[in-house]
Amino acid sequence: FPSHDKSQRPEVLPAEITDAALMAFPGVHTGSTILDISSSDPKALSAYLSEHGVGHEIFYPEVEAELVGANVFSVNGLPCAEIVYKAAGHTIALLQVDEKALAAKRVELHPVVAEGVAHSKWHWASTEDNGTLFVWKSNSIMCTVVSDLQIDEVSSLFRLEAL
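Residues numbered from 1 in each chain as written. Predicted model: local features only at pLDDT ≥ 70, side-chain atom pairs only at ≥ 80, totals over all residues. Heavy atoms only, no water.

Q: Would you take a moment to explain the packing of aromatic side chains for this structure?
A: Each aromatic ring pair is specified by the distance between its two centres and by the angle formed by the two planes. The full count for this structure, using the stated rule, is 6 aromatic pairs. Look at Trp122 and Phe134: their rings are 6.2 Å apart centre to centre, the planes differ by 65°, and that puts the pair in the edge-to-face class. Pair noted here: Trp122 is in strand E5 (residues 122–126) and Phe134 is in strand E6 (residues 132–138), with a separation of 12 residues, a long-range link. Between Trp136 and Phe158, the aromatic rings sit 5.7 Å apart at their centres with planes inclined by 70°, giving edge-to-face as the arrangement. Residue Trp136 is located in strand E6, and its partner Phe158 is located in the segment after helix H5 (151–157); the two are separated by 22 residues in the primary sequence. Neither Trp136 nor Phe158 differs from the other in exposure class; each is buried. In this structure an aromatic cluster arises from ring pairing among Phe59, Trp122, Trp124, Phe134, Trp136 and Phe158. (Phe/Tyr/Trp six-rings, centres within 6.5 Å; stacked < 30°, edge-to-face > 60°. Helix = DSSP H or I, 4+ residues; strand = E, 2+ residues; numbered from the N terminus. Buried < 20%, exposed > 50% of the residue type's maximum accessible area, 1.4 Å probe, protein only.)

Q: Whenever I open this one, the sheet that holds E6 confuses me. Can you help?
A: Backbone-to-backbone hydrogen bonds join strands into a sheet, with any given pair of strands oriented parallel or antiparallel. Taking strand neighbours across the sheet as the criterion, the 7 strands line up as E1-E2-E3-E4-E7-E6-E5 in an open arrangement whose pairing is antiparallel. In this open sheet, the two edge strands, each paired with only one partner strand, are strand E1 (37–38) and E5. Lying on the sheet, helix H2 (residues 42–51) is in contact with E1, strand E2 (66–75) and strand E3 (78–87); it crosses E2 at an angle near 10°. (Pairing = 2+ DSSP bridges. Contact = heavy atoms within 4.5 Å. Axes fitted to C-alpha atoms, helices over the stretch in contact; angles between N-to-C directions.)

Q: Would you explain unusual backbone geometry in this entry?
A: A negative phi holds for most residues other than glycine; trans holds for most peptide bonds. The backbone of Asn76 shows a phi angle near 55°, a positive value even though the residue is not glycine. Its place among the elements puts Asn76 in the loop between E2 and E3. You can call Asn76 partly exposed: its relative accessible area is 40%. Phi angles above zero are rare outside glycine, and Asn139 is one such case at about 55°. Mapped onto the elements of the fold, Asn139 is located in the loop between E6 and strand E7 (141–147).

Read these as layout, nothing more, since geometry by itself doesn't imply function.
What follows is the structure, given as structure tokens:
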């Protein structure tokens, strides 16, 4: 793989997964954080992520957007996968962490978010720059989406009943 300048990506992400996803998003959205791997092939992405320390199976939700690639971000020293989709110039970035890492406190989850996911299956919030934060659990994977789209626009792209 060609080495590229990763100076635009945050060196250290917060230990809490939604904070980490929010901090990683701007560079991914603007393109200043170059994707670790650019591909629309889930098999190629999963192989790359596995080779770079992501220890769980990658979850690819049914979403009406183009899969463009992935990053490996270190969250509290744990390699976490971020799957990146594009839709009409907008970005949907999905940071994943497995339940084991949360249970072992390797990575944290805000109590409010955890409670929302536990009680209603998902947690939605607007972000400071009028985008969306969307968290849910798929089997043993906690999924955190950040997008510059509004909540209703994001929810219309996902098959929520399939999550």
